[in-house]
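A look at the structure
Take a look at the letters that make up each chain.
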Amino acid sequence: MGRLLTPAAAAALVVLTVFDVVLSAAATTWQIGTDFRMPYAAGEIARSHGWQHIYELSLQHPAVLGLGHSDLFFPYLNAPPWAFLVWPLTFIPYPVAYAICVVVMTACLLAAALLAAPSDRLHRIIYVGSAFGSLEVALGPGFGQPAALVALAIVGCWRLMKADRPALAGLALAVISVKPNIALLVPLALLLAGHTRVFIYWAAATLALVAVSAVALQPSGVQAYLVLLAGGPRFHAPPPAWTL
């Protein structure tokens, strides 16, 4: 029975993956890189005004809406490392930068699935299908979100731990700083599980990123970021005017 269920599960996940990729492509065409506009706009602000101004709403609002593709405005609330990574892409036109982001994030999600999977082909198909077969996950790269990079950082950390490379594992895990709110409990779980060295290297790398961010933002930028975080919930989108 189990021999039949595994190929059936793989086939079902392949169908779901194709379905979700098509839906994601349609959504991407409709609102191209809705979430990617924020770090791109932050990078543009850093180029024209300095990093200490990236969290100022008076600059974010025109910068985000000026990229077009949606009349919705959400402020850039991520930590600075995500803007640091996107910053080089601001030297090229937004559509090209967005396309690069989609390709890179899709590759990160694929790599995370393959690294987590056993070596046989059928299980690799199941793992990849499990990643792209979830609509919420498949939409991430299309909207320009860094969640796939966070997933790759966690899986990479796990593989390096298995290879007894705690220093590299901790450094890899520090990449979750691009979107720490979805993975902040992972380092704490590793600490509680006894992987102290991995936690120490992660903490050291993260503190270094915090220091670099603080220097880049300067006191005024740090204060503006804290004020923006405190008022973040008021930027949630209103409920749609339609129902099913």
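Our structure's up above, just so we're on the same page.
Right, let's walk through the structure included here. Bear in mind the structure is a predicted one, so any value in this text is a computation, not a measurement.

Within the protein chain, the secondary structure is distributed over 11 helices and zero strands. Across the protein chain, helices and strands are ordered from the amino to the carboxyl terminus as α-α-α-α-α-α-α-α-α-α-α. When each of the 244 residues of the protein chain is scored for burial, the buried share is 41%. Taking the intrachain contacts of the protein chain between residues at least 6 apart in sequence as the baseline, contacts between residues at least 24 apart amount to 72%. Entry remark: accessible area of the protein chain is about 13,100 Å², with carbon and sulfur atoms responsible for 73%.

Let's shift gears to helix α9 (residues 166-173). Pro-166, Ala-169, Gly-170, Ala-172 and Leu-173 are the residues of α9 that are buried. Looking straight down α9, one finds its buried side chains confined to an arc of 160°; they lie on one side. Elements that come into contact with the buried residues of α9 comprise α8 (147-162), α10 (185-192) and α11 (196-230).

Further remarks concern the side chain of Gln-60. Along the chain, Gln-60 turns up in helix α3 (residues 57-65). Overall, the relative accessible area of 2% leaves Gln-60 in the buried class. Not counting chain neighbours up to four residues away, the residues in contact with Gln-60 comprise Ile-45, Ile-54, Tyr-55, Phe-73, Pro-75, Tyr-76 and Leu-228.

In this structure, Asp-164 is a non-glycine residue whose phi angle is positive, near 60°. The exposure class of Asp-164 is exposed, given its relative accessible area of 60%. A positive phi angle, close to 65°, is found at Gln-218, a residue other than glycine. Here Gln-218 is to be found in helix α11. The exposure class assigned to Gln-218 is partly exposed, which follows from its relative accessible area of 38%.

Taken together, the side chains of Val-96, Ile-100 and Val-104 define a hydrophobic patch exposed on the protein surface, amounting to about 210 Å² of accessible area. By secondary structure assignment, the location of Val-96 is in helix α5 (residues 94-116).

Next up on the list: the nonpolar core. Soluble globular proteins tend to bury their nonpolar side chains together. Counting 51 residues, the largest nonpolar core has Phe-36, Tyr-40, Ile-54, Tyr-55, Tyr-76, Trp-82 and Ile-176 as the members making the most contacts within it. Elements with a contribution of two residues or more to this core: α2 (37-49), α3, α4 (80-86), α5, α6 (121-132), α8, α9 and α11. Among residues more than four places away in sequence, those in contact with Ile-176 are Val-150, Ala-153, Ile-154, Ala-183, Pro-187 and Trp-202.

Attention shifts here to α8. Given a rise of 1.5 Å per residue, 16 residues ought to cover 22 Å, and the 23 Å separating the end C-alpha atoms of α8 matches this to within 8%. For α8, the full list of buried residues reads Ala-148, Leu-149, Val-150, Ala-153, Val-155, Gly-156 and Cys-157. Residues of α8 that are buried sit in contact with α4, α5, α9, α10 and α11. After α8 finishes, the residue Asp-164 shows a positive phi value of roughly 60°.

Between α2 and α3, whose axes approach to 9 Å, the crossing angle comes to 120°. Taken together, the axes of α2 and α3 are oblique relative to one another. Every pair of crossing elements has a handedness; the one defined by α2 and α3 is right-handed. Residues Arg-37, Met-38, Ala-41, Glu-44, Ile-45 and His-49 of α2 lie in contact with α3, whose contacting residues are Leu-59, Gln-60, Ala-63, Val-64 and Leu-65. Among the residues forming the contact of α2 with α3, the class breakdown is seven nonpolar, two polar and two charged.

Next up on the list: the packing of aromatic side chains. Applying the stated criterion across every chain yields a total of 10 aromatic pairs. With a centroid separation of 5.1 Å and 90° between ring planes, the pair formed by Trp-87 and Phe-91 is classed as edge-to-face. On the accessibility criterion, Trp-87 (31% relative accessible area) is partly exposed. For the pair Phe-199 and Trp-202, a centre-to-centre distance of 5.3 Å together with 45° between the ring planes defines the contact as tilted. With a gap of three residues between them, Phe-199 and Trp-202 both fall in helix α11, about one helical turn apart. Here Phe-199 and Trp-202 have matching classes, each one buried. Through successive ring pairs, a cluster of aromatic residues spans Phe-36, Tyr-40, Tyr-94 and Tyr-98. Here Arg-47 stacks its cationic end above the ring of Phe-91, 4.2 Å away from the centre of that ring.

Rules used in this analysis
Residues numbered from 1 in each chain as written. Predicted model: local features only at pLDDT ≥ 70, side-chain atom pairs only at ≥ 80, totals over all residues. Heavy atoms only, no water. Helix = DSSP H or I, 4+ residues; strand = E, 2+ residues; numbered from the N terminus. Buried < 20%, exposed > 50% of the residue type's maximum accessible area, 1.4 Å probe, protein only. Contact = heavy atoms within 4.5 Å. Areas by Shrake-Rupley, 256 points an atom, 1.4 Å probe, with all protein chains shown as cover. Arc of directions from axis to C-beta. Patch = residues over 30% accessible without salt bridge, like charges linked within 9 Å, V, L, I, M, F, W, Y side chains within 5 Å. Salt bridge = Lys/Arg side-chain N within 4 Å of Asp/Glu carboxyl O. Core = buried A, V, L, I, M, F, W, Y, C linked by side-chain atoms within 4.5 Å. Expected span 1.5 Å × (residues − 1). Axes fitted to C-alpha atoms, helices over the stretch in contact; angles between N-to-C directions. Parallel < 35°, antiparallel > 145°, perpendicular 65-115°, else oblique. Left-handed = near helix turned anticlockwise from the far one by under 90°. Nonpolar A, V, L, I, M, F, W, Y, C, P; charged D, E, K, R; others polar. Phe/Tyr/Trp six-rings, centres within 6.5 Å; stacked < 30°, edge-to-face > 60°. Lys NZ or Arg CZ within 6 Å of the ring centre and 35° of its normal.

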